[in-house]
Structure formats: C-alpha cells, structure tokens
Amino acid sequence: MSTKEAPALAPAPARVPVARPQRPHPKRRSWDEVPRWQIYLPLSLYLLFTLIPFYWILLFALRPAGSSSLVPWPMTFEHFEKVWTEREFGTYFQNSVLTGLATLVLTTVVALAGGYALARFDFRIKRAFMLALLCSQFVPGALLLVPLFQIFAELKMINSLGSVIIAETVFQLPLSMILISGFIRNVPPSLEEAAWVDGCSRFTAFRIVVLPLLRPGLIAVGSFAFVHAWNHFLFALMFLSDQSKQTIPVGLNSLMSADSVDLGALAAGGIIAAVPVVIVFAFIQKWLITGFSAGAVKG
C-alpha cells in the first residue's frame, strides 16, 4: 500500500525591518547656547554686591573700637554687650516681638474673615470694596499719622503699644485681605458643600475643611505682617514717647546723634534686629513661596 508523501512546508518569508520615523530633534533655545560663565559671572557679581554691606556690618560689629582692619580679628563682642545692656536693646527687642506677634494674629484673623466674605459671598458693593482695598495701597503711611494720632489721643492710647499694634494692623489689612481671598478661591466650594450635607455648619465646615488647606497662605500673610511691624519706624516714633516702650527701629535711631555715631554699636544693633527675621524666614521660606504663588490668582 503506497502512502502519499506530505507536502513540504514552504519557508516563512523573512520579515523586512520597518524603518521607524525619526523624530526631529528639538530646536535648541537661545539661552541653551549661552556659555555657563556668561550666566554665573553676572550672578556672582550681583551676589558679591549684595553681601558686601552685610560683611561691612559684621566687620564693625565684631572688631574692636578704633580698629581699621578689614578682617574682624581679634574678634570682640563688646559692642553687642554695650547695646544690649547700656542701650536697653533687650527692652526694645521684647517690645518689637510683642508688637510683631500681636500684629500677626490680628491681621491674620481679621483678613481671614474678610477674605472669606469676598471669596464666597456676592454683594452689591463687592467690586467697589475691592477697588477701595486696592486704592488704599497707594496711600502712604505718613498720611495716616494725623488722623490716627487724634483717634488714639481721644481713646487715651498714646504712649501705648496697643496704638502701634492697631495702626500696623490697619495698614496691613487691605493687602492681606486681598491675598487671603485669593487663597480661599483656590479651594473648591464643593468641599464645603459636602461637609454641609454631612451636618456641619458653615463655620465648622470652614474650620475642618478649608482652614487646613490655607496653611501656606496664612503663613505668607502672617510673616509679611510680622516683618512689616518689626521693621516699621514711623508709627512707633510718633505714638510712643516713653523709652521703655520703644521698638528696635526707634532704638537704632537713638544710636545716631547730631555730633557722633557709634558705628560699632549701630552695627551690633542692626545684627540683633536682622537675625531673628532671617531665622524665621529660613524656616518658612518653603511655605512662603507656596503661599504667595497660590494666592496670585485672578479674583
């Protein structure tokens, strides 16, 4: 019996490699072609120009009196001791801390309430009110001295830290309220509405849902208010006459007289005034940048 032979299988055709289309190389931007040294050299010069005044302050504060050396050696702390004890900078420092913290709390609380109203409610004079807040930023603080002085004199608050705290808060409120309203607009209203459905009141929903999301914005506004109150000179000079109630900017001004200036003591006082602010900003710079960028929205 004959068997049929199985047909031979034809070889599979060889696969032809398909050429992939090459993506065009992205066009190099103009600043990518700039040599590195042309970027770092101007930045280095600017950094040097910025740091020289700080080094000059350290030089006068740390070198002995009467020395003309460009290096603070031998190093001495006699100027710091003189400023802190003889010039009563400890009292000035305490008054500045109290003024700054009170201004921070009052500005943040009032701006938070006003910013929430601007962000969540619609009322007839809302646009006019926002315009008034913006226009108030063009009014110099010196123009407020006379009316504020008369008001505080009627309230018998002259020569009291309360007058400076209230004046600083009033001066900081417009900008702080605008910023806070921008932060709250970034929070979706649906989050609050979901809390209302669960039985929360408006205040409880704001405290539990919205307030934790506003932490970067609150830190930004509070730090701005604190630094302005710490450095402001005019209100403390006009409303405070007792030396025991003066703040650091007025204390620094008292180190300069018409006849002579103690450069060592002045430099030491400037370092005492600057170091706390630098330390605070070193810890909150992350939240500060996030907060200001989050509030920069169209209202």
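Calculation notes
Residues numbered from 1 in each chain as written. Predicted model: local features only at pLDDT ≥ 70, side-chain atom pairs only at ≥ 80, totals over all residues. Heavy atoms only, no water. Helix = DSSP H or I, 4+ residues; strand = E, 2+ residues; numbered from the N terminus. Buried < 20%, exposed > 50% of the residue type's maximum accessible area, 1.4 Å probe, protein only. Contact = heavy atoms within 4.5 Å. Areas by Shrake-Rupley, 256 points an atom, 1.4 Å probe, with all protein chains shown as cover. Phe/Tyr/Trp six-rings, centres within 6.5 Å; stacked < 30°, edge-to-face > 60°. Salt bridge = Lys/Arg side-chain N within 4 Å of Asp/Glu carboxyl O. Axes fitted to C-alpha atoms, helices over the stretch in contact; angles between N-to-C directions. Left-handed = near helix turned anticlockwise from the far one by under 90°. Nonpolar A, V, L, I, M, F, W, Y, C, P; charged D, E, K, R; others polar. Patch = residues over 30% accessible without salt bridge, like charges linked within 9 Å, V, L, I, M, F, W, Y side chains within 5 Å. Arc of directions from axis to C-beta. pLDDT = per-residue confidence, 0-100.

### Thoughts on the overall build of the protein chain
Point 1. Along the protein chain, the regular secondary structure elements total twelve helices and zero strands.
Point 2. Reading the secondary structure of the protein chain in the N-to-C direction produces α-α-α-α-α-α-α-α-α-α-α-α.
Point 3. Per-residue burial for the protein chain yields a buried fraction of 33% across its 299 residues.
Point 4. By sequence separation, contacts in the protein chain at least 24 residues apart represent 73% of the contacts at least 6 residues apart.
Point 5. About 20100 Å² of surface is accessible on the protein chain, with carbon and sulfur atoms providing 68% of the total.

### A look at the packing of aromatic side chains
Any pair of aromatic rings gets described here by the distance separating the centres and the angle formed by the planes.
Point 1. Following the criterion strictly, the structure yields twelve aromatic pairs and no others.
Point 2. Ring centres of Phe171 and Phe235 lie 6.1 Å apart, and the angle between their planes is 80°; this geometry places the pair in the edge-to-face category. Here the residue Phe171 occupies a position in helix H6 (residues 161-185), and Phe235 occupies one in helix H10 (residues 234-239), the gap between them amounting to 64 residues.
Point 3. For the ring pair Phe226 and Trp230, a centre distance of 5.7 Å and an interplane angle of 35° mean the geometry is tilted. Placement of the pair is Phe226 and Trp230 together in helix H9 (residues 215-231), with a separation of four residues, close to one helical turn.

### Remarks on the pattern of salt bridges
Point 1. Under the defined criterion, the tally for this structure stands at two salt bridges.
Point 2. Arg120 serves as the salt-bridge partner of Glu192, at 2.7 Å between the closest nitrogen and oxygen. Placement of Glu192 in helix H7 (residues 189-197) and of Arg120 in helix H3 (residues 89-120) is noted, with a sequence separation of 72 residues between them. Summarising the burial analysis for this pair, Glu192 and Arg120 share the class buried.

### A word on the packing of H3 against H6
Point 1. The contact between H3 and H6 brings their axes to 6 Å, and the two run at 40°. Note on packing geometry: the crossing formed by H3 with H6 is right-handed.
Point 2. The residue makeup of the contact of H3 with H6, split by class, is 16 nonpolar, ten polar and three charged.

### A word on the side chain of Thr247
Point 1. Examined against the element boundaries, Thr247 turns out to sit in the loop between H10 and helix H11 (248-254).
Point 2. A residue is classified by how much of its surface remains accessible, and Thr247, at 6% relative accessible area, is buried.

### Some words on a nonpolar patch on the surface
Point 1. Taken together, the side chains of Tyr55, Trp56, Leu70, Val71, Trp73, Met75 and Phe77 present a nonpolar region at the surface, about 830 Å² in accessible area.
Point 2. Position of Val71 relative to the elements: it lies in the loop between helix H1 (36-62) and helix H2 (78-86).
Point 3. For Val71, a relative accessible area of 48% gives the class partly exposed.

### A short note on the environment of Ala220
Point 1. Examined against the element boundaries, Ala220 turns out to sit in helix H9.
Point 2. Taking relative accessible area as the criterion, Ala220 reaches 0% and is therefore assigned buried.
Point 3. On a C-alpha basis, the gap between Ala220 and Leu179 in space is 9.2 Å, while along the polypeptide they are 41 residues apart.

### Side note on H2
Point 1. Taken as a whole, H2 has its buried residues at His79, Phe80 and Val83. All buried residues of H2 project into a common sector of 100° when viewed along the axis, lining one side. Across H2 from its buried face, at more than 90 degrees, point the exposed residues Glu81, Thr85 and Glu86.
Point 2. Phi turns positive, to about 60°, at Glu88, one or two residues after H2.

### Observations regarding the environment of Met130
Point 1. Structurally, the position occupied by Met130 is in helix H4 (residues 126-136).
Point 2. Met130 sits in the buried class, given a relative accessible area of 17%.
Point 3. Once the C-alpha coordinates of Met130 and Met177 are considered, the two residues, 47 residues apart in sequence, prove to be 9.5 Å apart.

### What about the confidence of the model for the protein chain?
Point 1. Looking at the protein chain as a whole, its pLDDT mean stands at 80, while 84% of the residues score no less than 70.
Point 2. When mean pLDDT is taken per element in the protein chain, H3 scores highest with 90 and helix H12 (residues 263-295) scores lowest with 75.
Point 3. Below a pLDDT of 50 lies the segment residues 295-299, which in the model reaches seven contacts outside its immediate sequence neighbourhood of four places, other chains included.

### Observations regarding unusual backbone geometry
Point 1. The backbone of Lys156 shows a phi angle near 55°, a positive value even though the residue is not glycine.
Point 2. Tracing the backbone shows Lys156 in the loop between helix H5 (145-154) and H6.
Point 3. One non-glycine residue, Asn159, lies in positive phi territory at about 65°.
Point 4. Mapped onto the secondary structure, Asn159 falls in the loop between H5 and H6.

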